[in-house]
Amino acid sequence: MNFNGTPMQMKSINKKRVLQWIQENSPTSRAEIAAKISISKPTVSLLVDELIGEKWVYEKGIGESSSQGGRRPIHLYFNEKAAYVIGTDIGGTKVKTVISDLGGNIVHSSSFSTCQFLESGLLKQIAKEVQSMLEECQIPLDQVLGMGAGVPGITQTSSGVVLEAPSLNWIRYPFLAEANKYFSFPVHVDNDVNVGALGEQWLGNAKNKQNVLFMAVGTGVGSGIIINNQLYRGYANAAGEMGYMVTDKTDMKKDFKPIFHRYGYLESVAGGKSIGKKLTEVIQQDPDHPAYSQAIKGELPGEMAFALAKKGDKLAITVIEEAIEHLAYGIINAASLLNPEVIILGGGVLKSSDYILPKLDRIVNHYLPSSVELKISRLGDNAGVLGAVSLFLREHDSIIKFS
């Protein structure tokens, strides 16, 4: 590594490299670190001793004798409890916040209804929840490195401005400026689906994958894209807006009107809200249907379509099959362009994954030039909050504060 800085700067960089190696490869040894990252053994030993003194690293047991009779090296471990990170997932219906250690283990969580605090201020309420959780866990504020946040909208990560989040009625909302009023530690913010992608790559079904497509299918349809281990945000921070894909040209000849203001075509035929709307319409035309009286009273939830389809209801099956086809075409188009190692599916609609996934898999791999692995989010409801923790750890310069 060529670096012409001062000895102090060089030491700082090497210390970060040593800690990163231990964090990603525990258990390890001083000799292994020196060999793998090409720093001399005396320097590694000195830096490791400092990291142990600062509680970022601990060593465990004297190594057992090897077959040659010598002692095996003492193992070094990353101390996941050395500090904590707050992760918050701000959704259109619910805000979930967690305290996580540096290994992604949730030590406390809380949530509240979004609409209840939208007017009075979501960040103000998040700050109250964080303070309460820290007190309950007896974690001092100086042990909190910072907070990551996922929001349901197009976000300028550098300025911390949420350009537009329709479900929160936010337009050019100065998220970081507001956050600074309530939090003394650094905060990083990004689109919620980007954050979900980071969470799955860190701890979920995309672990150790460098090229990932994370799709969230809920009320809307969005995706987070990781290319060569880097989150791809696009020119205007709007990459991954798969909900705007057009998957049927015949519909586009009509006067297309999305279900929600500024929502796209794919969302209008495959999102959870649209599935419920379509089910309601077809049942309203069949007075003999068991759910007819419910459909006449108001719009049925999308979940009901899956529940009915699993029982063999023909109308529900037709609605679901059509939505799955559109979703599959969207996946085919995205996968053809990006060639990901894995596609992770998350969001409310995928709670019926046992019904959807085999059908999606069959259509997608029929059309794609090379097959791709489709997996359901391993982190489930925690993809957003743990992704927010991952966002902070990736964006923050270093977990070590150097003087």
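Provided above is the structure to which this section pertains.
Please read these numbers as outputs of a predicted model, since none were measured by experiment.

## Quick look at the overall build of the chain
Check the secondary structure of the chain and you find 15 helices and 15 strands. Within the chain, the fraction of its 403 residues that count as buried is 49%. Restricting to contacts in the chain with at least 6 residues of sequence separation, those with at least 24 account for 60%. Counting every atom, the chain has about 20,200 Å² of accessible surface; 49% of that belongs to carbon and sulfur.

## Points about the sheet that holds strand β10 (residues 187–191)
Taking strand neighbours across the sheet as the criterion, the five strands line up as β5-β4-β3-β6-β10 in an open arrangement whose pairing is mixed. At either margin of the open sheet sits one strand with a lone partner, and together these are β5 (106–113) and β10. Taking the axes of each pair of neighbouring strands and ignoring which way they run, one obtains an average angle of 15° across the sheet. In this structure, strand β3 (residues 84–90) lies alongside strand β4 (residues 94–101), joined through seven bridges in antiparallel fashion. When the sheet's bridge partners are listed, Ile-86 is paired in β4 with Ile-99. Along the sheet face, helix α5 (residues 122–137) touches β3, β4, β5 and β6 (144–151) and points at about 145° away from the line of β5. Sheet strands in contact with helix α15 (residues 383–395) are β3, β4, β5, β6 and β10, and its direction is about 125° off that of β3.

About the criteria used
- Residues numbered from 1 in each chain as written.
- Predicted model: local features only at pLDDT ≥ 70, side-chain atom pairs only at ≥ 80, totals over all residues.
- Heavy atoms only, no water.
- Helix = DSSP H or I, 4+ residues; strand = E, 2+ residues; numbered from the N terminus.
- Buried < 20%, exposed > 50% of the residue type's maximum accessible area, 1.4 Å probe, protein only.
- Contact = heavy atoms within 4.5 Å.
- Areas by Shrake-Rupley, 256 points an atom, 1.4 Å probe, with all protein chains shown as cover.
- Pairing = 2+ DSSP bridges.
- Axes fitted to C-alpha atoms, helices over the stretch in contact; angles between N-to-C directions.

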